[in-house]
Amino acid sequence: MILISIICLALTAMVIVELSVGFASLADLNDQHGESSSATTVSVIVPACNEEEKIEAGLRSLAAQKHEQLEIIVVNDRSTDKTGEVIDRVRDEFPQIRRIDIEELPPGWLGKPHALHRGAEVATGDYLLFTDADVVLETTTISRAVTAMKQKNLDHLALVFKNSTSGGLLNAIVADIGAGLLWLIKPWRALVRESRFFVGVGAFNMVRADVYRTIGQHEQIRMQVIDDLFLGKLIKRGGYRQECMDGRGFVEVPWYQSVSELISGLMKNVFAFFNYNLWFMLFGLLALGLVVVLPYWGALFYEGAVRWFFIGAIAVRVLGIGVGLISSGVEKRALCWLLVTPFIVLYIIMRATMSALVQGGISWRGSFYPLDQLRKQEWVLSGLFKIR
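Remember, predicted model here, so these are calculated numbers, not experimental data. (Residues numbered from 1 in each chain as written. Predicted model: local features only at pLDDT ≥ 70, side-chain atom pairs only at ≥ 80, totals over all residues. Heavy atoms only, no water.)

Trainee: Just give me the short version of the overall build of the chain, but keep the residues and values in it.
Mentor: Looking only at helices and strands, one finds 13 helices and twelve strands in the chain. Its C-alpha atoms give the chain a radius of gyration of 21 Å, near enough to 21 Å, the size a compact globule of 388 residues would have. When the backbone C-alpha atoms are referred to their principal axes, the chain occupies close to 70 × 45 × 40 Å. Expressed as a percentage of its 388 residues, the buried residues of the chain come to 52%. Sequence separation of 24 or more characterises 82% of the internal contacts of the chain that already satisfy a separation of 6 or more. About 17400 Å² of surface is accessible on the chain, with carbon and sulfur atoms providing 58% of the total. One way to put it: in the chain the 38 positive side-chain charges average out to a point 6 Å from where the 39 negative ones average out. (Helix = DSSP H or I, 4+ residues; strand = E, 2+ residues; numbered from the N terminus. Rg over C-alpha atoms; globule rule 2.2 N^0.38 Å. Buried < 20%, exposed > 50% of the residue type's maximum accessible area, 1.4 Å probe, protein only. Contact = heavy atoms within 4.5 Å. Areas by Shrake-Rupley, 256 points an atom, 1.4 Å probe, with all protein chains shown as cover. Lys, Arg positive; Asp, Glu negative; His and termini not counted. Charge placed at Lys NZ, Arg CZ, Asp CG, Glu CD.)

Trainee: Tell me about the packing of helix α1 (residues 2-24) against helix α6 (residues 168-185), and please be specific about residues and values.
Mentor: Put simply, α1 and α6 touch, their axes get as near as 10 Å, and they point 80° apart. In terms of orientation, α1 and α6 fall into the roughly perpendicular class. Packed against α1, whose contacting residues are V15, E18, L19 and F23, the element α6 presents A179, L182 and W183 at the interface. Residues of the contact of α1 with α6, tallied by class, amount to six nonpolar, no polar and one charged. (Axes fitted to C-alpha atoms, helices over the stretch in contact; angles between N-to-C directions. Parallel < 35°, antiparallel > 145°, perpendicular 65-115°, else oblique. Nonpolar A, V, L, I, M, F, W, Y, C, P; charged D, E, K, R; others polar.)

Trainee: Could you give me a rundown of the sheet that holds strand β7 (residues 162-163), with the residues and numbers involved?
Mentor: Spatial ordering of the open sheet is given by β5-β10-β7, a layout of three strands whose pairing is mixed. The sheet is open, and its two borders are formed by β5 (136-137) and β7, each paired with just one other strand. Where β7 lies against strand β10 (residues 251-253), two bridges are found, and the strand directions are parallel. Bridge pairing in β10 places K162 opposite E252. (Pairing = 2+ DSSP bridges.)

Trainee: Give a description of the side chain of N205 that names residues and reports values.
Mentor: If you trace the backbone, N205 turns up in strand β8 (residues 205-208). Relative accessible area serves as the criterion here: at 3%, N205 is assigned to the buried category. Reaching out from N205, the side chain makes a polar contact with the backbone nitrogen of V201 at a distance of 3.0 Å. Residues within four places of N205 in sequence aside, it is in contact with L128, L129, F130, H156, L157, A158, G200, D228 and L231. (Polar contact = N/O pair within 3.5 Å; in protein donor to acceptor, adjacent residues only side chain to side chain.)

Trainee: Before we move on, can you summarise helix α11 (residues 304-327) with the specific residues and values?
Mentor: Given a rise of 1.5 Å per residue, 24 residues ought to cover 34 Å, and the 34 Å separating the end C-alpha atoms of α11 matches this to within 8%. When α11 is considered as a whole, its buried residues turn out to be V306, F310, G312, A313, I314, R317, V318, I321, G322 and L325. If you follow the buried residues of α11, they end up packed against α1, α6, α10 (278-301) and α12 (341-359). Positive backbone phi, approximately 95°, marks G329, located one or two places after α11. (Expected span 1.5 Å × (residues − 1).)

Trainee: With reference to specific residues and values, describe the pattern of salt bridges.
Mentor: Evaluated as defined, the whole model comprises 19 salt bridges. In this structure, D77 and R78 form a salt bridge, with 2.8 Å as the shortest nitrogen-oxygen distance. Here E243 makes a salt bridge to K152, at a shortest N to O gap of 3.5 Å. On the criterion of sequence distance, the pair formed by E243 in strand β9 (residues 242-246) and K152 in the loop between α5 (141-151) and β6 (156-160) is long-range, its members being 91 residues apart. One network of salt bridges, with partners in common, ties together E56, R60, R89 and E93. (Salt bridge = Lys/Arg side-chain N within 4 Å of Asp/Glu carboxyl O.)

Trainee: Now, about unusual backbone geometry: what can you tell me, with residues and values included?
Mentor: Unusually for a residue other than glycine, R78 sits at a positive phi of about 60°. Counting through the fold element by element, R78 comes out in the loop between β2 (70-77) and α3 (83-93). The backbone of Q217 shows a phi angle near 60°, a positive value even though the residue is not glycine. Relative to the helices and strands, Q217 resides in the loop between α7 (209-214) and α8 (227-237).

Trainee: Describe the nonpolar core, naming the residues involved and giving the relevant values.
Mentor: Among the nonpolar cores identified, the biggest contains 62 residues, and L128, F130, V225, L262 and L374 are the most heavily contacted of them. Per-element accounting of this core gives the leading share, seven residues, to α12. Ignoring any residue separated from it by four or fewer positions in sequence, one finds F130 in contact with I45, L116, A120, G202, A203, F204, N205, V207, Y212, H218 and L231. L26, V199, F204 and L338 belong to the second largest nonpolar core, which has 61 residues in total. (Core = buried A, V, L, I, M, F, W, Y, C linked by side-chain atoms within 4.5 Å.)

Trainee: Give me the lowdown on helix α9 (residues 259-266), citing residues and values where you can.
Mentor: Listed as buried for α9 are L262, I263, G265 and L266. Within α9, the buried residues cover an arc of 165° as seen down the axis, which keeps them to one side. On the buried face of α9, the contacting elements are α6 and α12. (Arc of directions from axis to C-beta.)

Trainee: How would you summarise the side chain of K233 if you had to cite specific residues and measurements?
Mentor: Positionally, K233 belongs in helix α8. There is a polar contact of 2.5 Å between the side chain of K233 and the side chain of S382. For K233, the residues in contact, after removing those within four places along its chain, are F198, E378, W379, V380, L381 and S382.

Trainee: Requested: an account of the packing of aromatic side chains, with residues and values cited.
Mentor: If you walk through the whole model with that rule in mind, you get eight aromatic pairs. Seen in terms of ring centroids, F130 and Y212 are 5.2 Å apart; in terms of plane orientation they differ by 50°. Their pairing is tilted. Separated by 82 residues along the polypeptide, F130 in strand β4 (residues 127-130) and Y212 in helix α7 bring together distant segments of the chain. For the pair F130 and Y212, one class covers both residues: buried. (Phe/Tyr/Trp six-rings, centres within 6.5 Å; stacked < 30°, edge-to-face > 60°.)

Read these as geometric descriptors, not functional statements.
Next comes the structure, spelled out in structure tokens:
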């Protein structure tokens, strides 16, 4: 057991170091100085399905952008609440906002990819920005992003966002999940053309319009639940240049308002990361259990050096993720919640899997998508695990 405890500590330290070094290597959008008078046109596409409570702040932040050549396209996707009324109220103040309505979802499409596709069809900009209805942007965000894409000769730019919700446990869960996802996809390596890694962020995906149309648009992502990341995969596969930058001072998202809302929201996409495959999920569960749960068991039931190595593994994980959590403005006491988040994450994975298997599919924004259709799609993570 002494060897296992040492391996657990070493693996945890390796992951935390790679995360810390990799994330620190991301270029900061704050280092870019945007030009509001740029002649480059940008079309912002915002899908909205029952977003009456959040969309107004997002639209006002878009309308307040310093970039002058801006087209804002809001796709009201079958909303049954007052989303349309909110859009119209804001549009009365800012005529550059254009509203498109979707009354019915065509067969073979998920709602969000279809809404983004419809918005992109009518977009006229040189650059397309795909974002979400609840995203709030600092006023210079788009002009800085355009400058970055031009200076770095990028075809695709994704920005890491700041989660603006409150609550220690909620933020700890988001940080734990985010750390795992970042380590998995390694966005700091997306810029390397020869690497197999790619990036995509739903809150801020800016892509050259000609590149987007060359790769087949959202027609290629019809049934992809993790559409933002898959868009990045298609762009990277096409040989185009993409980068992920730190945009936490410019892009804010109130991701979820409560732990229960977070758990419900993740039910639709967790199983997708395992390609809707029970065996893949069990393998992932086992790997997570050995790395993040075993140290707790060892710390409780072993003594001597074994116990201290396991305690060290727990401490390294909590402090490593906690530093990022605190740097985002969360109270220090939230670090305590990182002691229990691994068990919550495992619960979310198991619940999402069982829910999809029992229902025979996933439910998303009032629509049901059967597993037999979802399993026909390319796995978003395929190609990441090649050994070179």
